[in-house]
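Structural description and commentary
Chain by chain, the residues:
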Amino acid sequence: MEQMILIIDFGSQYNQLIARRVRECKVYCQIEPPAIPVDDILSLNPKGIILSGGPLSIYEKYSPTIDNAIFDLGIPILGICYGMQYMVAALGGAVKRAHKGEYGFAELRIKQKNVLFNHVDSPTTCWMSHGDSIEKLPRGFQITGSTDNTKIASTEDVKNRLYGLQFHPEVHHTVNGKRMLKNFLVDVCECKSTWSMKSFAVESIAQIKDTVKEKRVILGLSGGVDSSVSAMLIHKAIGKRLTGIFIDNGLLRKNEGEKLQTTLKERLKLNIRFVSAKKRFLTPLANVTDPEKKRKIIGKVFMDVFEIEAKKIKGVEYLAQGTLYPDVIESRSVFGGPTSVIKSHHNVGGLPKKMKLKLVEPLKYLFKDEVRQLGLEMGLPDELVWRQPFPGPGLAVRIIGKITPKRLKIVRAADDVLLEEIKKAGYYRKLWQSFAVLLPIKSVGVMGDQRTYENIIVVRAVTSKDAMTADWAKLPQKLLGSISNRIINEVGGVNRVVYDISSKPPSTIEWE
Ligand code: XMP
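Residues numbered from 1 in each chain as written. Predicted model: local features only at pLDDT ≥ 70, side-chain atom pairs only at ≥ 80, totals over all residues. Heavy atoms only, no water.

So, on to the side chain of Ser-63. On the secondary structure map, Ser-63 appears in the loop between strand 3 (48–51) and strand 4 (77–80). For Ser-63, the side chain forms a polar contact with the main-chain oxygen of Ile-58, separated by 3.1 Å. Polar contacts involving the side chain of Ser-63 include one to the main-chain carbonyl oxygen of Glu-60, which spans 2.8 Å. (Helix = DSSP H or I, 4+ residues; strand = E, 2+ residues; numbered from the N terminus. Polar contact = N/O pair within 3.5 Å; in protein donor to acceptor, adjacent residues only side chain to side chain.)

Attention now goes to the pairing of strand 9 (residues 142–146). Regular strands place side chains that alternate from one sheet face to the opposite one. With two bridges connecting them, strand 6 (residues 102–110) and strand 9 associate as antiparallel partners. Among the inter-strand pairings, Ile-110 is bridged to a residue of strand 9, identified as Gly-145. One ladder, built from three bridges, connects strand 9 with strand 10 (residues 154–157); its direction is antiparallel. The residue of strand 10 that forms the bridge with Gly-145 is Ser-154. (Pairing = 2+ DSSP bridges.)

At their nearest, the axes of helix 5 (residues 197–212) and helix 6 (residues 225–238) sit 8 Å apart, and the two run at 60° to each other. Here helix 6 runs oblique to helix 5, going by the angle between their axes. Read as a crossing pair, helix 5 and helix 6 show a hand that is right-handed. Where helix 5 abuts helix 6, its residues Phe-200, Ala-201, Ser-204, Ile-205, Ile-208, Lys-209 and Val-212 lie against Leu-233, Ile-234, Lys-236, Ala-237 and Ile-238. Here the contact of helix 5 with helix 6 is built from residues that sort into nine nonpolar, one polar and two charged. (Axes fitted to C-alpha atoms, helices over the stretch in contact; angles between N-to-C directions. Parallel < 35°, antiparallel > 145°, perpendicular 65-115°, else oblique. Left-handed = near helix turned anticlockwise from the far one by under 90°. Contact = heavy atoms within 4.5 Å. Nonpolar A, V, L, I, M, F, W, Y, C, P; charged D, E, K, R; others polar.)

Here it is, written out as structure tokens:
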């Protein structure tokens, strides 16, 4: 990247937020662990470095450290919370252990005109979350702001372009936090604020060309946004030398494969193999009811089918994956070096080693919303870009109990009606997921003058940020009513619809 900011990850829960904020200022940034060697920092050539917060005190035995040579590189540095305390202690100041911490809102009184506080009026509300405090500053540093409880709430050494904030500018509770970060990026580090998904695409395409050269790449397409956007980028870089493999496992939603075929193959001219492997999946699943067994079988068959297809393409040297940045960050510990994860639900985890393939992960520095933006930038339709997540094992984990063709037909039809209603009511993009689940019990009903004994469909709709926690969606009663009416009227074999009102935890999003 032409201009970048390096964020050193001391383990704060807010680190990804720092990265988000920097990127919102249209500056590219990367999060790296503290163990990053100074030579690697130099080769990244950052315009500035942000030292993040962290959960430990700098005095703890295993608290993370960096090579203090970074303070002599002449690169501007902003320390946040732990990062500030670490810098101050490393440069000869003193940090006192806390008797009482400071958590929550505080009013920052700006003591001295300071580039970080350009366009920020005093006092300004900030968000504190610290135990230890700074007692003595190193030579060359000035206090620039204080709160009632923290005398040294912000500091600077103008000559060496070193800055520290005890509070967290990245959280939105710090009212002018984004302004402060922008001041650091633009006024101190002289970044240009020109990074965008358009510029990312140009650089990424050039990089893929450069890496892959004349070789071939394969990629598993799931129908979701990550694999589709990866495919688009690689396609733009190497054209037909990318083969996307889409496997129809018989557990997809209505018309899913067809829609993908129309969009990616016919409209966008991607080189894609559609593999129909329904039988290969459904036969071994025939009498299986245990959810984990279902997953294992699906994973194994997927891998076998994918490998057979991959081997049909001569000269393949690379496997592409739609790994995203949060997975990369979360997979490395604060104390270790970077390691790249292979998403387990892609089910091809073992393939690179087995087939001696190298990985291409064009999205590994992007967050989900950036991937969506990139998808739109590259001409993918809204429907694909905003698709709700769909699990790898598909409808298999939404049919509780045995998977039979008849039960697949019921859940698929119910799901289709449900999604149509959700979309019509304008709720599709507001929900993390919304889907139908088929239960393994029947209930009594009455249709016309006839007693019925038929299936029950559960409607599951949740809101969530990252699927780690989720809340059941408070859908309007009218919408729930029309979903229920339509499913019972239009889907043969269903006489009852219920709404799942459990949150995660203690429940999960999927039923299996
Ligand atoms: P749960 O049900 O654990 O799901 O709350 C969290 C998120 O993960 C998805 N999910 C899966 N995705 N393979 C996948 O690719 C799986 O086996 C799987 N199980 C759950 C689920 O849809 C939700 O978004």
